Amino acid sequence: MPPPAPLDPLIALRGGLLIGLAAALLLVFSGRIAGISGMVARATGIAETGIPRAQALAFILGLPVGTLIVGLWVRSPDIAVTSSVPLIIIAGLLVGYGTRMGNGCTSGHGVCGVSRLSPRSIAATIAFMLTAIIVSMSKYLFVGG
């Protein structure tokens, strides 16, 4: 195995291209959108319709396996948890609630919906991105950090 490569924008570009390719292949061969929240709902049995459950399970299990392979092949990022675990759990639950309320997640709306020029997905992606920008910049916007 080659030594880990330094992280650079081309790695992110290749990753984005692979995500787009996977979404396109799923749409072409299954007629389904690669929305992670929908896949998780189907894989866990929350949703009873959509992609076959075995395919949803394979897709969801492929995410961490693919991440592990890329981490070993390219380079694992340095990760440091700087927030409290209860706060992270609450944030995750809020994201889950938001994806159900918004009828999809960033992968379904942002990757698949925007590429199909879906007005609902474009509006949802703008809302996701504006919220993310405001929250991530809130320290500077509201506290003067």
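Calculation criteria
- Residues numbered from 1 in each chain as written.
- Predicted model: local features only at pLDDT ≥ 70, side-chain atom pairs only at ≥ 80, totals over all residues.
- Heavy atoms only, no water.
- Helix = DSSP H or I, 4+ residues; strand = E, 2+ residues; numbered from the N terminus.
- Buried < 20%, exposed > 50% of the residue type's maximum accessible area, 1.4 Å probe, protein only.
- Contact = heavy atoms within 4.5 Å.
- Polar contact = N/O pair within 3.5 Å; in protein donor to acceptor, adjacent residues only side chain to side chain.
- Expected span 1.5 Å × (residues − 1).
- Patch = residues over 30% accessible without salt bridge, like charges linked within 9 Å, V, L, I, M, F, W, Y side chains within 5 Å.
- Areas by Shrake-Rupley, 256 points an atom, 1.4 Å probe, with all protein chains shown as cover.
- Salt bridge = Lys/Arg side-chain N within 4 Å of Asp/Glu carboxyl O.

### Considerations on the environment of H109
- Summarising the element assignment, H109 is placed in helix α5 (residues 106-115).
- A relative accessible area of 3% places H109 in the buried class.
- Every residue in contact with H109, bar those within four places of it in the chain, is listed here: G102, N103, G104, V114, R120, S121, A124, T125 and F128.
- At a separation of 3.4 Å, a polar atom in the side chain of H109 contacts the main-chain carbonyl oxygen of N103.

### Some thoughts on helix α4 (residues 85-101)
- Given a rise of 1.5 Å per residue, 17 residues ought to cover 24 Å, and the 24 Å separating the end C-alpha atoms of α4 matches this to within 8%.
- Taken from the residues just after α4, N103 is the one with a positive phi, measuring 60 degrees.

### As for a nonpolar patch on the surface
- A contiguous nonpolar surface patch, about 1100 Å² in accessible area, is contributed by L117, I122, I126, M129, L130, I133, I134, M137, Y140, L141 and F142.
- With respect to the element layout, M129 can be found in helix α6 (residues 119-143).
- Since its relative accessible area comes to 47%, M129 is described here as partly exposed.

### Regarding the environment of T106
- Inspection of the secondary structure assignment puts T106 in helix α5.
- As a C-alpha pair, T106 and S37 span 69 residues in sequence and 9.0 Å in three-dimensional space.
- In contact with T106, not counting residues within four places along its chain, are V111 and F128.

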